[in-house]
Each structure stands twice: as C-alpha cells, then as structure tokens.
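The chain contents come next:
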Amino acid sequence: MAESLEERFEQWKARTLEPAIAKVPECADRTATVSGVPTDGLYLPEGHGNDAATEAYLVAQGFPGEFPFTRGVQPTMYRSRFWTMRQYAGFGDAEETNERYRFLLEQGQTGLSVAFDLPTQIGYDSDHALATGEVGKVGVAIDTLADMEILFDSIPLDKVSTSMTINSPAMVLLAMYIAVGEKQGVEASRLTGTIQNDMLKEYIARGTYIFPPGPSLRLTTNIFAYAAELMPRFNTISVSGYHIREAGSTAAQEVGFTLADGIAYIDAALSAGLDVDRFAPRMSFFFGAMTDLLEEVAKFRAARRLWARIVKERFDAKDPRSWMLRFHTQTCGATLTAQQVDNNVVRVAIQALAAVLGGTQSLHTNSRDEALGLPTEEAVQLALRTQQVIAHESGVAHTVDPLAGSYCIEKLTDQVETEAAAYIEKIDEMGGMVRAIEQHYPQNEIEQSSYRYQQQIERDQRIIVGVNRYATEVDVQPEILTVSEAATRRQIDRLSEVRGRRDSSEVTHTLTTLEEAARSDANLMPLIVDAVRAYASVGEICDALRRVFGEYEEHTM
Amino acid sequence: MRKLDQAGQQDLTSCTVDAHPPKRILIGKVGLDGHDRGAKFLIRALRDAGYEVIYTGIRRTPEQIVQTAIDEDVDVIGLSLLSGAHNQLFARVAELLKEEGVEDVVLLAGGTIPEKDVPYLEALGFRHVFTPGAPVSEILSALQQELSSRE
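### Observations concerning the overall build of chain A
Item 1. A tally of regular secondary structure across chain A gives 22 helices and 10 strands.
Item 2. C-alpha extents for chain A along the principal axes are approximately 75 × 60 × 50 Å.
Item 3. Taking all 557 residues of chain A together, the buried fraction comes to 60%.
Item 4. Sequence separation of 24 or more characterises 78% of the internal contacts of chain A that already satisfy a separation of 6 or more.
Item 5. When the accessible surface of chain A is summed, it comes to about 21600 Å², and 51% of that surface belongs to carbon and sulfur atoms.
Item 6. Of the side chains in chain A, 52 bear a positive and 79 a negative charge, and the two mean positions are spaced by 2 Å.

Next up, the structure:
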C-alpha cells in the first residue's frame, strides 16, 4: 500500500520545510486572519485520500519547493519573506536616476531595476546621430563607467540587488556593474541581481537587437560561463515573456514562446560545452500580469510545472535548483489607458494580486500615468504602495499558492500548460526557436492574437472601462514627467570630458584585443571588463563587435 | 503623393491608369523604439479598409522614411513612436519632406504623445495626432476626410 498524503506531507516537512524555516523563519504576523483564525502555510486536498488521487495530486502539484514546483519554488513562499518590490526606473542622466533610486529605497523598495535609454540598449553613444531625441527618454543614458559610478553612488551593491534590462550590450553593462562593485570593495562573487540578456525575444517582440542570432547566442552563453565561475549569486538571464505578451500574445503563447526561448538558450549553452546544472540554476524568467486574474494565476503555475518537466526530463538536469522557474512580474503596460487614468490604479492592483497569487519572486507595479509618459515620483510611490498593501494587509501572503485546488484554477492551469506545450512542440518541429523566428512563426502568431484582441475592443465586444464604455466628456490629464534637454546636454558633455581624460592608448588596446577575440571562440566577458575599466564607451565596445558580427536586419511585411 | 520635379512640373505618371486607384499609405516607425503593436494593428485595419499600406519596419531614420515615401509614391505618411523623441524626429521628417519638395502628402502622427506637444506637431504640418486610446474608426474617418478634401 502506497503512503498516504498525510505521510508524504510529514516527510516533506522534515525534508524541505523545516530546513527552510531554520534559515528564514516564518513571520508571526502572517499566521492568522484578521479575525484571529489561524492560517496554515500550506493547505492540501482533503477527504478523498485513495492512492490514485494522492498520486495524481503529487504528479500534478506536489509540495512547494519541490518538483514540479506548481505550488511555488519555496516551501514557505511569502510567509517568511515577501517578494522583492522592484520598480523599473531610469530617465535622463545618471544623477537624476540615482536620486530616484534613493527615493525608492527610502520608500521601502527592496531591489533596484535599471531602465536604460534606447541608445544605450542598442549600443550607440549619446552623441551618435541615431541617438538624436532619444537620450535619457525611456531610461537612463549610460555611456561609460563614469556614468555607472554616478548611477550607484551611495547605493551599497553588497546590500541591494539590481536588475538590469539590457540585452544586446548585456555584457558591457554587466562589466560596468562589476567594475562599480570593485570600486565599492564588493567582489563580483557577492553581487546579486539579474541581467535580462534575452536576445531571442528581441527578434520576436521587443526590437533592441544589434547582432544576428548566432553571435547573440554566443554572447549569452559567454555570460553563463563567466558567471558560473565568478558570479554564483547573479541571475545570468531573464527569459522574458513580458514583451511577447505586451506585443499582444495570449497567455499560452507567452508561456510557450518564452519556454521555447529558454530551451534554445540551454541548447546553445550545452553546445558551448557547459554542464546544465552549472548554469540552469541561475536562469530566471519574466512575465507580464494582465487583469484577467484567474487565467494569470493559472499561467504562472503552468509555466513553473512545464519548465520543471522540461529541464528535468528533456535536459536530464539533476540539481533541483535547475528545475525551478523563478520569475519577475511586471503589470502589463498595454492595459493602461490614457482615459480616466485613476482607473489604472485599480487595474494595477488586480494585476499585482494575480502575480502574488501566482507566486512571483519579484514585482514591478506600473504607475497610473504611464499611458501618457514616464511616471512622476508621486505616481511611482502610489504604485509601490499598491504592492505594500497587498503584502501587509490583504492576507494573501499568509498561505502558499492559496488558489490551488480551485476547480477553475486547476483546469485553467492544465489548459495553459497543454497549449503552451503544443507551441513548444511545433517550434521543435521547425528546428528550434531561431529557425521559427526566421520563419516569422512566433511573430505571426502574436500578431494574429493582437489583432483579434484589438478588434474585440473596436467592436465593443470587449469592454475597457473609460475607453469604450463609461467614457466621460472631459478627461483631466495629470502632470507628466518630461526629460529635460539639459540632461541630454549634460550627458554628452560628460562623455566628451571622459574621452578627454582617459588613457586613450589603453582604450585602443582593449578594444583591439576584444575585436580580435571576437573572431575566435574565446569568452569575451573578461575582455569587456578590461575595456570598461579603461572607460571605453558602450558605443565603442559595440562597434568593435559590429565589425566582427555584423548587424541584424528585420524583414518587414 | 506627387513629387514636384525641379522645374516645378507635376509628375503625372502616378495617376494615369485608374480614376480611383487605392490610396497608398506609408506607416513609419521612426526612432529607436520597438513598440509596433499599434502600428501593426493599424496596418491590418487600413488594408481591410481597402488602402495599400507600406510598412517601414522599426528603427527607421527620418531620411529612410522620406526616401521610402518618395520611392513608393504614397498619399499619406503615418508616423508612430513611443519613446518620447517625437518632437525632434517628426520635425525632421517634415523638414526633409519640404527639402525634397514633397508637398501634397497627408501627414499623420500617433503614439504616446502628451497633449502639450500636439500643437507643435500640428504646426509642423501633421494633420492629426492620435494619442493612446484613439479608436481605429476615428483614424479611418479622419483619413477619409483628408483624402476626399484633396480629390
């Protein structure tokens, strides 16, 4: 006779829960409802304890902190520690952004998330012709290490974790982060954070590519290999579904395409000779949260289960940390409306709740004014407060995966997983994600979904409150933040000042060495660290690589 | 769009065959941002409405946009941008069109553009500026009006 669920529960407690609690104890204020009724950290199915039902439960869901992680990646989830509250921020130059970061940390934010401007993301210096009008607009402008030093001034990198949304030049910004750490006396091995470093979704949905897919994947795996040696606490990639969703995909497409990207990265790293259990534990993910709360909760659970199965069964990984899908969530910006902006506060609260009920590891909540422009400080504060209210007042943090066992949630979880798995199978048949992208498969699928969704709004088959129903005659527009032209000028002045005072022979030497190495199969990361230490700029480093790798060109319809 | 040649003569080659050929629209993503969800939706909606649409793809320079507009002999140029660089980049497109002597093309703008920038863009010659939430029906009717007033 097989063991009962109660027996398995006791074993899990001894094996997984108790060691975790010994490390990070549960918080006493998260063990009862507001009325004083005790709440358990974990609830399990009751009343149908036959062997088959127990086995089915264990296969589909199991226990939190254990394969297949449907119920969460940690055994206590938020009962011990809330998710990291991490607001994506950056605008103007490094000084202005440093001020915003210090404000956010004072307000109780627990991690940083750097938004870089588009020239930085595409590897152009601020004085490049193509940077005209774009410097400091959607994020902070970073040209050289000098800017990065200002960006993290008075922010201790051994205490704060930092996520950086940077892809094509990911190596350059990671190298700068390492160099700033050195100047603060923090070794690379103690740095914590995440680098997005997900090029495939740039071709699918986001657009800040520089190089063709082949060299891009090499840069990605170079980072995997480098960090496996020297930065064991850093997430080397954030495989991103967010931008796929924002481009208009369905929930299942978001999961399917993102995990297919993840598979492509594992394949690339294995081909480069890396061992799966050396790098897979440092892979992380990033999803969007829409307002459709139940489907979103199911989506996060399905993604965890599907990824765990893929890494364990397809790639034969042995380390349980390799199987875990840890993820960041951002509330979906495309759901924000310019009409009746206060409605966005409500949307964001529901989306954030979906992310928390779905077991996110970190969360960015959008500000109510982001359909109009960059958020003001006041709007960002309210967005952060939204997370804090969910964390401290809603009670949902008291219990792991509290919606598990709901007929609806379990059914939706199965459906998202099945549909996402079918997309992965289709992409496998096409020869993998790079081939699928070349054939425009994910792009076309997303475009179909996006068109369908928008048509529903246009035809009033889908109601967006304040837009196609309950609209008001006069809409009061709030104050919005504008990036001053002075910041652009300051940035360009600082760049030319740095160019004037750095050792130019050292710059030339490091760039030449890098370019030569790019023609071989050497790991480029140490050479890029040398170049940024010599104050070579993002544009100069990317140009050296462009000369070897060439540039990617999008096909248009 | 009919480009004036050096002597100021109208190039009539584009309106010889059919009295009512479909109007040609260029949708351009100028600047560095990759947010093309709106542009792509609009392209399909315009095609469904019977227009011929040429899409530049993302990350085009003002020079590339204007060159494509001339090569494709379009009646309308619609520019889309999210990053906030519209004042500089849309102005540059308008300026280049003038330099090239392209005068009868309808200019439209769309994207995350604050209300306070709309008068400036209108003064540059943009006939309509569509901001977030603008329904496609509004864009189609504005377009029809613009084109019929130029018949």
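### Digging into the sheet that holds strand β3 (residues 76-81) of chain B
Residue and element names in this part refer to chain B.
Item 1. The sheet built from 5 strands is open, its strands ordered β2-β1-β3-β4-β5 with parallel pairing. The sheet is open, and its two edges are formed by β2 (52-55) and β5 (126-130), each paired on a single side. If you compare each strand with its neighbour and ignore which way they point, the axes differ by 20 degrees on average.
Item 2. Sheet topology places strand β1 (residues 24-29) next to β3; 5 bridges connect them, and they run parallel. When the sheet's bridge partners are listed, Lys29 is paired in β3 with Ser80.
Item 3. Packing against the sheet, helix α1 (residues 37-48) makes contact with β1, β2 and β3, and its axis sits at approximately 175 degrees to β1.
Item 4. Contacting β3, β4 (106-111) and β5, helix α3 (residues 86-99) crosses the sheet at an angle of about 160 degrees to β3.

### Some points on helix α14 (residues 343-357) of chain A
Item 1. Over its 15 residues, α14 of chain A runs 22 Å from end to end, which matches the ideal 21 Å to within 8%, given 1.5 Å per residue.
Item 2. Residues Asn344, Arg347, Val348, Gln351, Ala352, Ala354, Ala355, Val356 and Leu357 of chain A constitute the buried set of α14 of chain A.

### Digging into the environment of Val140 of chain A
Residue and element names in this part refer to chain A.
Item 1. Within the fold, Val140 resides in the loop between α4 (118-121) and α5 (145-151).
Item 2. On the accessibility criterion, Val140 (0% relative accessible area) is buried.
Item 3. Placed 130 residues apart in sequence, Val140 and Glu10 show a C-alpha to C-alpha distance of 51 Å.
Item 4. Ignoring sequence-local partners within four residues, the contact set of Val140 consists of Gly90, Phe91, Gly92, Asp93, Ala94, Thr97, Val114, Ala115, Phe116, Asp117, Thr120 and Leu151.

### Remarks on the pairing of β5 of chain B
Residue and element names in this part refer to chain B.
Item 1. Summarising the sheet, β4 and β5 pair through 4 bridges and their orientation is parallel. Opposite Leu108, over in β5, you have His128 as the bridge partner.
Item 2. A crossover connection joins β4 to the parallel β5 through helix α4 (residues 118-123); in handedness this β-α-β unit is right-handed.

### Some points on the pairing of β3 of chain B
Residue and element names in this part refer to chain B.
Item 1. The buried count for β3 comes to 6 of 6 residues, which makes it a mostly enclosed element.
Item 2. Side chains Val76, Gly78 and Ser80 project from β3 onto one buried face, and the interleaved Ile77, Leu79 and Leu81 project onto a second face that is buried too.
Item 3. As paired strands, β3 and β4 are joined by 6 bridges and run parallel to one another. Its bridge partner lying in β4, Ser80 is registered against Gly110.
Item 4. Each parallel crossover has a hand, and the one from β3 via α3 to β4 is right-handed.

### Things to note about a nonpolar patch on the surface
Item 1. Nonpolar side chains collect at one region of the surface, where Ile463, Val465 and Tyr470 of chain A lie side by side and expose about 280 Å² of accessible area between them.
Item 2. On the basis of relative accessible area, Val465 of chain A is assigned to the partly exposed category, the value being 38%.

### Things to note about the side chain of Gln196 of chain A
All names here are of chain A.
Item 1. Position of Gln196 relative to the elements: it lies in the loop between β5 (193-195) and α7 (200-206).
Item 2. What makes Gln196 buried here is its relative accessible area of 4%.
Item 3. For Gln196, the side chain forms a polar contact with the side chain of Asn167, separated by 3.0 Å.

### So, the sheet that holds strand β9 (residues 327-331) of chain A
All names here are of chain A.
Item 1. Within the open sheet, the 5 strands sit side by side as β1-β10-β9-β8-β7. Their pairing is parallel. Only two strands of the sheet have a single neighbouring strand rather than two, namely β1 (84-85) and β7 (237-240).
Item 2. Bridging between strand β8 (residues 283-289) and β9 involves 5 bridges; their strand directions are parallel. Residue Phe286 lies in a different strand from β9, and its bridge partner there is His328.
Item 3. Set on the sheet, helix α10 (residues 251-271) makes contact with β7 and β8; between it and β8 the angle comes to about 165 degrees.

### A word on unusual backbone geometry
Residue and element names in this part refer to chain A.
Item 1. Cis geometry marks the peptide bond from Phe67 to Pro68; its omega dihedral reads 0 degrees.
Item 2. Residue placement: Pro68 occurs in the loop between α2 (51-60) and β1.
Item 3. Positive phi values are uncommon outside glycine, yet Gln340 reaches one of about 45 degrees.
Item 4. The topology assignment puts Gln340 in the loop between β9 and α14.
Item 5. Even without glycine at this site, Asp401 takes up a positive phi of about 45 degrees.
Item 6. In this fold, Asp401 is placed in the loop between α15 (377-393) and α16 (407-430).
Item 7. With relative accessibility at 6%, the residue Asp401 sits in the buried group.

### Digging into the environment of Gln388 of chain A
Residue and element names in this part refer to chain A.
Item 1. Tracing the chain through its elements places Gln388 in helix α15.
Item 2. A sequence separation of 324 residues divides Gln388 from Pro64, and the C-alpha atoms of the two residues are 24 Å apart.
Item 3. Not counting chain neighbours up to four residues away, the residues in contact with Gln388 comprise Met85, Gln107, Gly108 and Glu393.

### Overview of the nonpolar core
Item 1. Counting residues in hydrophobic clusters, the biggest one holds 107 residues, and the most contacted among them are Trp83, Leu259, Tyr265, Met283, Trp307 and Met433 of chain A together with Ile27 of chain B.
Item 2. Once residues lying within four places of it in the same chain are set aside, the contact partners of Ile27 of chain B are Ala39, Leu42, Ile43, Leu46, Val53, Ile54, Tyr55, Thr56 and Gly78 of chain B.
Item 3. Among the nonpolar cores identified, the runner-up in size contains 70 residues, and Tyr101, Ala175, Ala531 and Leu545 of chain A belong to it.

Rules of the game
Residues numbered from 1 in each chain as written. Chains lettered and ligands numbered in written order. Predicted model: local features only at pLDDT ≥ 70, side-chain atom pairs only at ≥ 80, totals over all residues. Heavy atoms only, no water. Helix = DSSP H or I, 4+ residues; strand = E, 2+ residues; numbered from the N terminus. Buried < 20%, exposed > 50% of the residue type's maximum accessible area, 1.4 Å probe, protein only. Contact = heavy atoms within 4.5 Å. Areas by Shrake-Rupley, 256 points an atom, 1.4 Å probe, with all protein chains shown as cover. Lys, Arg positive; Asp, Glu negative; His and termini not counted. Charge placed at Lys NZ, Arg CZ, Asp CG, Glu CD. Pairing = 2+ DSSP bridges. Axes fitted to C-alpha atoms, helices over the stretch in contact; angles between N-to-C directions. Expected span 1.5 Å × (residues − 1). Right-handed = clockwise from strand over helix to strand, strands pointing away. Patch = residues over 30% accessible without salt bridge, like charges linked within 9 Å, V, L, I, M, F, W, Y side chains within 5 Å. Salt bridge = Lys/Arg side-chain N within 4 Å of Asp/Glu carboxyl O. Polar contact = N/O pair within 3.5 Å; in protein donor to acceptor, adjacent residues only side chain to side chain. Core = buried A, V, L, I, M, F, W, Y, C linked by side-chain atoms within 4.5 Å.

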